[in-house]
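# A look at the structure
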Amino acid sequence: MPRRRDGHSFILMANRLPVDRCGDSWHTAPGGLVSALAPIAKAESGAWIGWPGTCEETIEPFGVGGMHLVPIPLSCAEHRQYYEGFSNAVLWPLYHDLIVAPEYRRDWWFAYEAVNARFARAAIETAAYGATIWIHDYHLQLVPRMIRGQRPDVRIGFFNHIPFPPVELLAQLPWREAVMDGLLGADVIGLQRESDVTNFRAASQRFLGIDPDRVSNVIGAYPISVDVDAIREAAESESVARLARQFRHDLGNPEVLMLGIDRLDYTKGIPQRLHAVEELLDEGALDPETTVLAQVAVPSREGIGAYQDLRDEVERLIGRVNGRFGTIERGVVQYAHQSYSFEATIALYLAADVLLVTSLRDGMNLVAKEFVTARQGSGGALVLSEFAGAADELDRAIIVNPHDTSGLKNGIRQAASLTGDDAPEQMAAMAAAVKDNDLHQWARRFLNDLQSPMNSGLPLLKMPTRKTTGNLREVKHVGR
Ligand code: F6P
């Protein structure tokens, strides 16, 4: 292989490029991952490979904020089949405990393979000799092996932001061997929780026949975190403090302000939360005259039926609660179906007394970590689902099982009684836990492990005899 002197020595890959388009110009999109990785990418002659967010458009590589961006085009059909279909209507529900049923469509799988191959080709062409390539998330699980086959000189890391499913659930996936083999092309695979690592080891053994000890040097738990300094700086600014006071005032200065901030996703347990709040209002355990739940639901994946159904359900439930317990002038649940800026989000954390995180399954839940960081031990309460990865580190929260309505109600009732400056000790302990492993440390730890000669992936695996991918190619044009 020719030694490439040109090319980039550090490459990030994710489904999306970290940019927003504004007319003809591009701006770095706000977000924790970008703020952690962009400085490394800039310092290391880095490139970011990802989808620019539009369909049927070919955009030449360009630079933004010191980073070289390589846009991967998607046709509208690929957006439907690879992104909405295989990534978000097969892998997403399968990796989140089958909250909705995946549709194992072969045409979606073919699109997933084709788009993964396109990403891999871009990396192969962009990487300098010996480059480090860090691939993010479930959209690109075949890419490590695809790169490895062509570029044995590079170091490949893969980090999955979402849970890794138990082997009994992954078993449903008709292409499970190909996915496991794709991932194991990486030198280091990072997952969020130890339980994800356990699941991965079991899946390697069951689907590829690999002794779990052999994957020990390849796989590890790297719980992702938040940019503590950026959150604290914003939380200490006068403009954010003013906005927080304004929010509280505009919400009617309630005695108890509870907050939910979630992407509008069925994994987040928003209906469960609303049912619990409704029962507490019904029983008089929460007073509708002095309690407000502010629910921000960030629009997400709106082309997918399950997300449209969820929106209908959430809005129907909110309407019912407000109809039953609110008045014309005052709703008990204040709802916004929109995203809020970073500063406004921090202001909401400061304004609230209680944050409700009731995920049915969640890789980490950074909202929980942001909340305790923004409040810096100034009191309040965090109700946190045991099914969110954050529960491993934030064990001083009020931990709940969102499927257990009585338990969830107890947790919310307890949190609502801890208003104002109560319980600062727990909040301070949780803020310290987040600071001990913030986003920058997380990135450094992963990249250090990726550079370590101890972690060098597995030798090329012999694929099991059942070659799912090959067989399916033959029926490619036969059915869905
Ligand atoms: O955390 C999972 C994830 O898919 C991220 O990769 C992504 O940034 C986020 O959810 C939002 O999802 P989407 O890119 O589908 O809008």
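Just so you know, these numbers come straight off a predicted model, no measurement behind them.

### Regarding the pattern of salt bridges
One side chain can pair with another of opposite charge once the charged atoms of both are near each other. Evaluation of the coordinates by the stated rule reveals 26 salt bridges. In this structure, arginine 176 engages glutamate 177 in a salt bridge whose closest nitrogen and oxygen atoms are separated by 3.3 Å. Under the relative-accessibility criterion, arginine 176 is labelled buried at 19%. Salt-bridge contacts for arginine 201 lead to aspartate 213; the nearest nitrogen and oxygen are separated by 3.7 Å. Placement of the pair is arginine 201 in helix α7 (residues 194-208) and aspartate 213 in the loop between α7 and β10 (219-221), with a sequence separation of twelve residues. Relative accessible area serves as the criterion here: at 56%, aspartate 213 is assigned to the exposed category. Among the charged side chains, a salt-bridge network with shared partners connects Glu278, Asp282, Arg320 and Arg324.

### Examining the packing of helix α8 (residues 228-236) against helix α15 (residues 424-436)
At a minimum axis separation of 10 Å, α8 and α15 run at an interaxial angle of 135°. The pairing of α8 with α15 is recorded here as oblique in orientation. Touching Val228, Asp229 and Arg232 of α8 are Ala431, Val434 and Lys435, all from α15. Looking at the contact of α8 with α15, its residues break down into three nonpolar, no polar and three charged.

### Structural notes on the site of the ligand
For the ligand, the full set of nearby residues is Arg16, Tyr83, Trp92, Asp137, Tyr138, His139, Ile162, Arg263 and Arg301. Interatomic distance of 2.8 Å between a side-chain N/O atom of arginine 16 and an oxygen atom of the ligand. Side-chain polar atom of tyrosine 83 to an oxygen atom of the ligand: 2.5 Å apart, as the coordinates give it. For the ligand, whose unbound accessible area comes to 380 Å², protein coverage reaches 67%. Considered class by class, the residues forming the shell around the ligand number four nonpolar, one polar and four charged.

### Details of the packing of aromatic side chains
Summed over all chains, the structure comprises 19 aromatic pairs. Relative to phenylalanine 446, the ring of tyrosine 222 has its centre 5.1 Å away and its plane inclined at 65°; by these criteria the two rings are edge-to-face. With tyrosine 222 in the loop between β10 and α8 and phenylalanine 446 in helix α16 (residues 439-451), this pair connects stretches of sequence that are 224 residues apart. Each member of the pair, tyrosine 222 as well as phenylalanine 446, is classed as buried.

### Concerning the domain arrangement of the chain
A common way to state how big an interface is: give the accessible area lost once the parts meet. Domain annotation of the chain identifies domain 1 (8-224 + 441-451) and domain 2 (228-436). Its C-alpha centre places domain 1 at a distance of 30 Å from the equivalent point of domain 2. Taken together, the 19 residues of domain 1 in the interface contact 25 residues of domain 2. A combined buried area of about 1700 Å² lies between domain 1 and domain 2, and 56% of that area is made up of carbon and sulfur atoms. A per-residue breakdown of the area domain 1 buries against domain 2 is headed by Trp92, Ile99 and Arg193, which together make up 36% of the total. Between domain 1 and domain 2 we count two salt bridges in total. Aspartate 97 is paired through a salt bridge with arginine 361; the nearest N and O atoms lie 3.1 Å apart. In this assembly, domain 1 and domain 2 are joined by eight residue pairs in polar contact (both at pLDDT 80 or more). The dominant element in the side of domain 1 that touches domain 2, judged by the number of residues it contributes, is helix α2 (residues 76-95), at six residues. Residues that form the side of domain 1 that touches domain 2 fall into these classes: eleven nonpolar, five polar and three charged.

About the cut-offs
- Residues numbered from 1 in each chain as written.
- Predicted model: local features only at pLDDT ≥ 70, side-chain atom pairs only at ≥ 80, totals over all residues.
- Heavy atoms only, no water.
- Salt bridge = Lys/Arg side-chain N within 4 Å of Asp/Glu carboxyl O.
- Buried < 20%, exposed > 50% of the residue type's maximum accessible area, 1.4 Å probe, protein only.
- Helix = DSSP H or I, 4+ residues; strand = E, 2+ residues; numbered from the N terminus.
- Axes fitted to C-alpha atoms, helices over the stretch in contact; angles between N-to-C directions.
- Parallel < 35°, antiparallel > 145°, perpendicular 65-115°, else oblique.
- Contact = heavy atoms within 4.5 Å.
- Nonpolar A, V, L, I, M, F, W, Y, C, P; charged D, E, K, R; others polar.
- Near = heavy atom within 4 Å.
- Polar contact = N/O pair within 3.5 Å; in protein donor to acceptor, adjacent residues only side chain to side chain.
- Areas by Shrake-Rupley, 256 points an atom, 1.4 Å probe, with all protein chains shown as cover.
- Phe/Tyr/Trp six-rings, centres within 6.5 Å; stacked < 30°, edge-to-face > 60°.
- Domains from an automatic or database assignment.
- Buried area = accessible area lost by both parts, 1.4 Å probe.

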